[in-house]
Amino acid sequence: MRLILNRTYFPDGTNGKLECEGKLICNTIELPWKNNEKRVSCIPEGKYFIRKRYSQKFKWHLEVVDVQNRSYILFHPANNALSELNGCIAPVTKLSGPGLGLMSRIAFTKLKDMVYKALDSSECVELIVES
């Protein structure tokens, strides 16, 4: 499975569209680009892989692996990048401003179910981040 995240950058946040095979899955919000600095920047554009991850805070979610100089880059619910993200990616149903979105849990569940289904059938899930 190949997911394409196409980004638009703004000073206060990064908005994106996440697609699979040309079909929109959801929108995304992230922190603004600040040279890949930990906890304040979105991750660099490039090719990554996604795996399942569990934590007490987010329960079952998704992790973007092998991000240069970064760790624990997750897909998890959030509606405000600046106050709720530390470099992670939040799926949202609707964008409401730069780095702002609505109904994140709904979008996250849709994405997670789709990716887990692929991973459960031993499919590799690739994420291409571009602008």
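That block above? That's the structure.
Remember, predicted model here, so these are calculated numbers, not experimental data.

Undergrad: Whenever I open this one, the overall build of the protein chain confuses me. Can you help?
TA: Looking only at helices and strands, the protein chain features two helices and ten strands. Order of helices (α) and strands (β) in the protein chain, N terminus to C terminus: β-β-β-β-β-β-α-β-β-β-α-β. For the C-alpha atoms alone, the extent of the protein chain along its principal axes is close to 40 × 30 × 30 Å. For the protein chain, long-range pairs separated by at least 24 residues make up 51% of all intrachain contacts whose partners lie at least 6 apart in sequence. Of the roughly 7,000 Å² of accessible surface on the protein chain, 51% is carried by carbon and sulfur atoms. Of the charged side chains in the protein chain, 19 are positive and 14 negative; the average position of the first set lies 5 Å away from that of the second.

Undergrad: Explanation requested: helix α2 (residues 104-120) in the structure shown.
TA: An α-helix turns once per 3.6 residues; consequently, residues spaced three or four apart project the same way. The terminal C-alpha atoms of α2, which comprises 17 residues, lie 23 Å apart, in line with the 24 Å expected from a rise of 1.5 Å per residue. Among all positions in α2, only Ser104, Ala107, Phe108, Leu111, Lys112, Val115, Tyr116 and Ala118 are buried. Summarising the axial view, the buried residues of α2 lie within an arc of 155 degrees, below the 170-degree limit, and thus occupy one face. Relative to its buried face, α2 has exposed residues pointing more than 90 degrees away, namely Ile106, Lys117 and Asp120.

Undergrad: What is the right way to read the side chain of Thr14 from this model?
TA: With respect to the element layout, Thr14 can be found in strand β2 (residues 13-20). Thr14 sits in the buried class, given a relative accessible area of 0%. Ignoring any residue separated from it by four or fewer positions in sequence, one finds Thr14 in contact with Arg7, Thr8, Tyr9, Thr28, Ile29, Glu30, Leu31, Pro32, Trp33, Cys42 and Gly99.

Undergrad: What is the right way to look at the pairing of strand β4 (residues 46-55) in this model?
TA: Each regular strand displays side chains that alternate between the two surfaces of the sheet. Summarising the sheet, β4 and strand β10 (residues 126-130) pair through four bridges and their orientation is antiparallel. If you follow Phe49 over to β10, its bridge partner there is Glu126. Bridge count between β4 and strand β5 (residues 59-65): seven bridges; the pairing is antiparallel. The partner of Arg53 across the bridge, within β5, is His61. Connecting β4 to the antiparallel partner β5 that follows it, the hairpin turn spans three residues.

Undergrad: What am I meant to see in a nonpolar patch on the surface here?
TA: Where nonpolar side chains cluster on the molecular surface, the patch consists of Leu102, Met103 and Ile106 and spans about 280 Å² of accessible area. Topologically, Met103 is positioned in the loop between β9 (100-102) and α2.

Criteria and cut-off values
Residues numbered from 1 in each chain as written. Predicted model: local features only at pLDDT ≥ 70, side-chain atom pairs only at ≥ 80, totals over all residues. Heavy atoms only, no water. Helix = DSSP H or I, 4+ residues; strand = E, 2+ residues; numbered from the N terminus. Contact = heavy atoms within 4.5 Å. Areas by Shrake-Rupley, 256 points an atom, 1.4 Å probe, with all protein chains shown as cover. Lys, Arg positive; Asp, Glu negative; His and termini not counted. Charge placed at Lys NZ, Arg CZ, Asp CG, Glu CD. Expected span 1.5 Å × (residues − 1). Buried < 20%, exposed > 50% of the residue type's maximum accessible area, 1.4 Å probe, protein only. Arc of directions from axis to C-beta. Pairing = 2+ DSSP bridges. Patch = residues over 30% accessible without salt bridge, like charges linked within 9 Å, V, L, I, M, F, W, Y side chains within 5 Å. Salt bridge = Lys/Arg side-chain N within 4 Å of Asp/Glu carboxyl O.

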